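Structure at a glance
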Amino acid sequence: MRQSDIFELIKLKFPQVIQDELTKAIVVPGDQILGIAGFLNSAEFSFNNLHCLTAIDRKENIELVYIFYSFKIRLQITLKVCLPVDSLEIESLTNFYRSTDWFEREVYDLFGVKFLNHPNLCRILNPSDWKGFPLRKDYSYPDFIKKAQY
Amino acid sequence: MEVNVVSQNKDLYSEEFSINMGPQHPSTHGVLYLDLRLNGEVVTDCVTHIGYLHRSMEKIAENRTYTQFIPFTDRLDYVASMNNNLCYVLAVEKLMNMEVSDRAKYIRVIIAELNRVASHLIAIGTFAQDIGAFATPLFYCFREREKIIDIFDEICGNRLTYNYMRIGGVQFDLPKDIDERIKYFIKYMRSKADDYEELLTNNIIFLARTKNIGILSKSAAVSYSITGPNLRASGIKWDLRKDEPYLVYDKFQFDIPTCENGDVWDRYKVRIEELRQSLKIIEQAIAGIPEGPAVVKPGRIYKPPAGEVYLRTENPRGELGFYIVSDGSTCPYRLKIRAPSFSNLAVFSELVKGVKVADVVSILGSLDILMGEIDR
Amino acid sequence: MAVIEKIPGSQLIHKLPGGGIVLAASGSVFKWAKSSSLWPLTFGLACCSIEMIAAGASRFDIDRFGSGVFRASPRQCDVMIVAGTISVKMGECVKRLYAQMPEPKYVIALGNCAISGGIFYHDTYSVVKGTEALGIPVDVYIPGCPPRPENLLFGLMKLQEKVKKERYAAK
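Counting restarts for each chain: residues are numbered from 1 in the order of the written sequence. Following the order in which they are written, the chains are lettered starting with A and the ligands numbered starting with 1. Predicted model: local features are reported for residues with pLDDT of at least 70 only, side-chain atom pairs are reported and counted for 80 or more only, and whole-chain, interface and lining totals are derived from all residues.

Next up on the list: the overall build of chain A. Secondary structure summary: chain A contains three helices and seven strands in total. Strands here mean DSSP runs of E at least two residues long; helices mean DSSP runs of H or I at least four residues long; both are numbered from the N terminus. What you see in chain A, going N to C, is helices and strands ordered as α-β-β-α-β-β-β-β-α-β. To assign burial, the other C-beta atoms lying within 10 Å of each residue's own C-beta are counted, with C-beta atoms placed from the backbone; 20 or more indicates buried, 12 or fewer indicates exposed, and intermediate counts indicate partly exposed. Of all 150 residues assigned to chain A, the portion counted as buried reaches 37%. Once C-beta atoms are placed from the backbone, any two residues with those atoms within 7 Å are in contact. A fraction of 45% describes how many contacts in chain A between residues 6 or more apart in sequence connect residues 24 or more apart.

Structure below.
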């Protein structure tokens with residue numbers, strides 16, 4: 001089984017997903033992530049392991065990247081969600097995968113994405129009174145000493 | 001902070017007690033802050049605070065070339081530096097579709113497995129010290145580790161943060177007489193591993209402190225995305241070296257040790273057995289290493305094509321993953337490090353509910369976490 | 001008796017039955033005792049802490065210098081070996097630990113990160129650029145990334161020399 005086969009199966013049930021040309025990742029609209037996660041977690045595929053959750057700052061929007069893994073069929077798939085910078089909210093997947101608890105807190109801390117219905121959404125790596133979201137491309141801070149590039 | 005009143009008996013009024021196992025503590029394996037709520041000796045709640053070693057490596061990576069970032073990967077899991085280097089270099093090579101010579105692959109396997117032995121020695125030594133076998137297993141393990149470090153010192157010049165792997169090969173070739181030293185070390189280490197088992201494995205006090213404590217069930221392990229020896233101790237036989245082989249691991253014969261219960265004793269036993277299997281792999285690799293080029297000349301600045309890659313390898317603590325996004329320039333656009341100890345620690349507050357305070361230390365020691373890679 | 005005649009100034013030695021005793025200035029005895037028993041605080045932060053533990057292990061053996069007793073509580077120790085990178089979140093804890101140590105206290109900065117931030121100097125938002133940036137006075141700097149345990153032992157010997165050279169004002 002390959003990622004494109006999974007993509008075809010998801011597209012039958014959720015017709016709005018598309019496959020990215022360059023990276024072959026499955027691009028999902030933000031409001032359907034909960035349904036698709038439930039579908040993937042079902043016993044047939046059992047993608048019951050969320051291996052990594054991260055975000056990329058693309059200046060006009062922030063891309064969330066979910067990497068799922070299935071021990072049963074030995075496949076790793078990548079899901080992407082594009083969120084516009086002025087409305088960074090998405091449902092939390094903590095009910096399906098317990099590992100998303102800390103992953104989502106980290107993405108909130110570094111990028112500012114709010115996860116709805118998260119049990120404890122607060123900063124995890126930076127101090128709790130930190131201002132700003134450090135991993136965005138436009139972040140600056142008084143003590144920030146930039147290294148000169150070649 | 002709210003305080004829960006536990007009993008309002010008119011003869012005995014008691015409430016919960018809050019204790020800070022603060023960032024500076026001899027048993028927390030680094031700077032970890034545990035906020036424990038106790039009812040007498042029994043833990044009712046535990047809040048884990050991390051971030052005391054946050055060095056913002058992912059932000060640094062966006063302003064360094066691909067070769068300049070290799071020393072930073074050493075400092076993630078500083079006890080198993082070679083394995084971190086290996087995972088990063090393999091990810092960049094996959095992004096660039098680069099082939100590596102056979103000799104370089106064998107050298108990488110030998111070095112990675114030697115570092116796995118060194119890392120498990122520290123895990124067992126510090127775990128035994130926390131349990132109460134103060135200093136004897138620790139000194140024995142460090143004595144063995146010094147022998148491995150001498151071998152690495154001769155190969156690449158450093159004791160802890162090696163910076164040895166390069167994109168496309170390694171930094172120096174192996175010296176001429178190193179295989180004799182490694183064969184002698186393997187023979188020596190096998191007898192020492194039997195010594196450790198004799199000291200610890202069936203010791204009555206060790207069994208009382210570790211059996212049936214901190215049991216991690218299979219479903220919890222998969223749901224929390226636990227990897228590495230912790231997963232294998234819970235009964236799931238999964239190792240990336242066998243199930244998704246990278247480098248030349250498919251050419252070697254070795255077993256994957258597992259246990260059934262998932263308690264603290266099982267995690268210790270899995271690590272000792274893995275130590276022995278690593279020695280077996282090194283023996284086979286030394287016997288079969290081919291001739292050829294392995295060294296990469298310094299000075300080339302790499303510009304991978306635009307794209308993304310996510311690559312995982314089996315570290316001593318679990319599966320380390322690098323997610324690299326490249327936009328065609330000399331520096332990565334985004335680099336995400338998926339650290340094994342980050343997910344392994346997330347299950348800690350579940351495991352600790354309802355145990356006594358002394359067991360908190362043994363559960364934490366058996367999970368074998370390292371703050372350098374949790375906080376990055 | 002032959003031993004006593006070889007010691008210079010032996011006419012100052014008071015002879016007791018059974019042997020002789022040597023007199024010295026009480027300041028130098030106190031300084032010798034203080035420098036030979038500097039107890040460190042277990043304060044390993046990052047990679048350099050592994051080299052600190054290796055210095056305490058049997059190959060390099062910091063115990064022969066009197067400093068083998070690593071105490072966990074700051075109230076019971078003399079020297080704080082800052083080993084590793086100090087992040088902004090940890091800086092408050094370091095200052096508090098330093099304030100809790102009783103006088104006389106010394107600080108050794110072990111490794112490049114504790115001296116000036118090390119390789120984490122540029123492009124980070126969360127690393128304090130060295131122990132001095134927190135306001136803590138440092139006695140001995142040991143550079144290296146990580147420094148070998150022999151370097152730590154040499155730095156400890158330098159600290160012992162520094163302690164022996166201290167002048168006591170009338171207290």
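Attention now moves to the overall build of chain C. When its secondary structure is counted, chain C shows six helices and six strands. Its helices and strands in sequence order give chain C the pattern α-β-β-α-β-α-β-α-β-α-β-α, from N to C terminus. Considering chain C as a whole, with its 171 residues, one finds that 39% of them fall into the buried category. Considering only contacts in chain C between residues 6 or more positions apart, those separated by 24 or more positions represent 75%.

This part covers the nonpolar core. Taken as a class, soluble globular proteins show a tendency for nonpolar side chains to be buried jointly. In this description, a nonpolar core means buried residues of the types Ala, Val, Leu, Ile, Met, Phe, Trp, Tyr and Cys, linked to one another by C-beta atoms lying within 7 Å. Counting residues in each nonpolar core, the largest one holds 181 residues, and the members touching the most others are Phe68 of chain A together with Met80, Ile81, Val82, Ala83, Ile108 and Leu110 of chain C. Top element by residues in this core is helix α4 (residues 102-131) of chain B. It accounts for 17 residues.

Turning to the packing of helix α5 (residues 136-156) of chain B against helix α6 (residues 178-200) of chain B, a few remarks are in order. A pair of packed helices is captured by two measures, namely the crossing angle of their axes and the spacing between those axes. Residues and elements named next belong to chain B. Contact geometry for α5 and α6: axes closest at 11 Å, N-to-C directions at 165°. One finds that α5 runs roughly antiparallel with respect to α6. Note that α5 runs across α6; the crossing there is left-handed. Side by side, α5 and α6 meet where Pro137, Tyr140, Glu144, Lys147, Ile151, Glu154 and Ile155 of the first sit next to Ile178, Arg181, Ile182, Phe185, Met189, Lys192, Tyr196, Leu199 and Leu200 of the second. To obtain an axis, a line is fitted to C-alpha atoms, over the contacting stretch when the element is a helix, and the angle between two such axes runs from 0 to 180 degrees between their N-to-C directions. Any angle that is under 35 degrees is reported as roughly parallel, and any over 145 degrees as roughly antiparallel; angles of 65 to 115 degrees are reported as roughly perpendicular and all others as oblique. Note on convention: the crossing is left-handed when the near helix lies turned anticlockwise from the far helix by less than a right angle, right-handed when the turn is clockwise.

Taken residue by residue, the interface counts 26 residues in chain B and 28 residues in chain C. Elements that contribute at least two residues to the side of chain B that touches chain C include exactly α1 (57-61) and α5 of chain B. Considering every element that reaches the side of chain B that touches chain C, the biggest residue donor is α5 of chain B, with four residues. Amino acids are sorted into nonpolar (Ala, Val, Leu, Ile, Met, Phe, Trp, Tyr, Cys and Pro), charged (Asp, Glu, Lys and Arg) and polar (every other residue, Gly among them). Class assignment for the residues of the side of chain B that touches chain C results in twelve nonpolar, eight polar and six charged.

Residue and element names in this part refer to chain B. Here Ile374 shows up in helix α15 (residues 371-375). Residue class for Ile374 comes out buried when judged on the 29 C-beta atoms lying within 10 Å of it. With 324 residues separating them along the chain, Ile374 and Ile50 place their C-alpha atoms 7.8 Å apart. Residues contacting Ile374, with those up to four places away along its chain left out, are Ile50, Ala339, Ser341, Phe342, Leu345 and Ile369.

As a further point, take the packing of helix α11 (residues 264-287) of chain B against helix α14 (residues 357-367) of chain B. All names here are of chain B. Contact geometry for α11 and α14: axes closest at 9 Å, N-to-C directions at 30°. With respect to each other, α11 and α14 are oriented roughly parallel. In this structure, α11 meets α14 at a crossing whose hand is left-handed. Contact with α11, carried on its side by Val264, Arg267 and Tyr268, involves Ser362, Ile363 and Ser366 of α14 and no other residues of that element.

Time to look at the sheet that holds strand β4 (residues 33-39) of chain B. Residue and element names in this part refer to chain B. When DSSP finds two or more bridges between two strands, those strands count as paired. Pairing within the open sheet is antiparallel, and its three strands lie in the order β3-β4-β5. Because the sheet does not close on itself, it has two edges, and the strands there are β3 (17-21) and β5 (42-49). On average, adjacent strands in this sheet sit at an angle of 20° to one another, irrespective of strand direction.

For the rest of this paragraph, the subject is the interface of chain B and chain A. Taken together, the contacts link 26 residues of chain B with 23 residues of chain A. Contributions of two or more residues to the side of chain B that touches chain A are made by α1, α8 (218-223), β8 (307-315), β9 (318-326), β10 (334-338) and α12 (340-346) of chain B. Its residues assigned to classes, the side of chain B that touches chain A comprises ten nonpolar, nine polar and seven charged.

By this rule, a helix spans an expected 1.5 Å times one less than how many residues it contains. Counted at 1.5 Å a residue, the expected span for α5 of chain B with its 21 residues is 30 Å, and the 30 Å between its end C-alpha atoms agrees. Contact partners of the buried residues in α5 of chain B: α4 and α6 of chain B together with α3 (48-56) of chain C. Once α5 of chain B finishes, Gly157 of chain B follows within two positions and takes phi at roughly 95°, a positive value.

Attention shifts here to the pairing of β4 of chain B. Residue and element names in this part refer to chain B. Pairing geometry for β3 and β4, over five bridges, is antiparallel. When the bridges of β4 are listed, Met21 appears paired with Leu34. Between β4 and the antiparallel strand that follows it, β5, lie two residues; Gly40 among them carries a positive phi value of about 75°.

Right, let's talk about the sheet that holds β10 of chain B for a bit. All names here are of chain B. The three strands are arranged β8-β9-β10 in an open sheet whose pairing can be described as antiparallel. Looking at the sheet topology across the chains shown, the edges are occupied by β8 and β10. Strand-to-strand twist across the sheet, computed as the mean angle between neighbouring axes with direction ignored, equals 10°. Alignment of β8 against β9, held across nine bridges, turns out to be antiparallel. Paired with Gly307 across the two strands is Ser326, which belongs to β9.

All names here are of chain C. The buried fraction of strand β5 (residues 106-110) amounts to five of the five residues, a majority that puts the element mostly inside the structure. What you see with β5 is no split at all: Tyr106, Ile108 and Leu110 on one side and Val107 and Ala109 on the other are buried throughout. Across five bridges, the pairing between strand β4 (residues 79-83) and β5 is parallel. Paired with Met80 across the strands is Val107, a residue of β5. Looking down the strands as they point away from you, a crossover is right-handed if its path from the first strand over the helix to the second goes clockwise. Taken together, β4, helix α4 (residues 88-100) and β5 constitute a β-α-β crossover, and its handedness is right-handed. Here β5 pairs with strand β6 (residues 140-142) via three bridges, running parallel. Its bridge partner being in β6, Leu110 is matched across the sheet by Ile142.

Our next topic: the confidence of the model for chain C. A score from 0 to 100, pLDDT tells how confident the predictor is in each residue. In the predicted model, chain C carries a mean pLDDT of 83, and 82% of its residues have values of at least 70. The ipTM assigned to the predicted complex is 0.91, against a pTM of 0.91.

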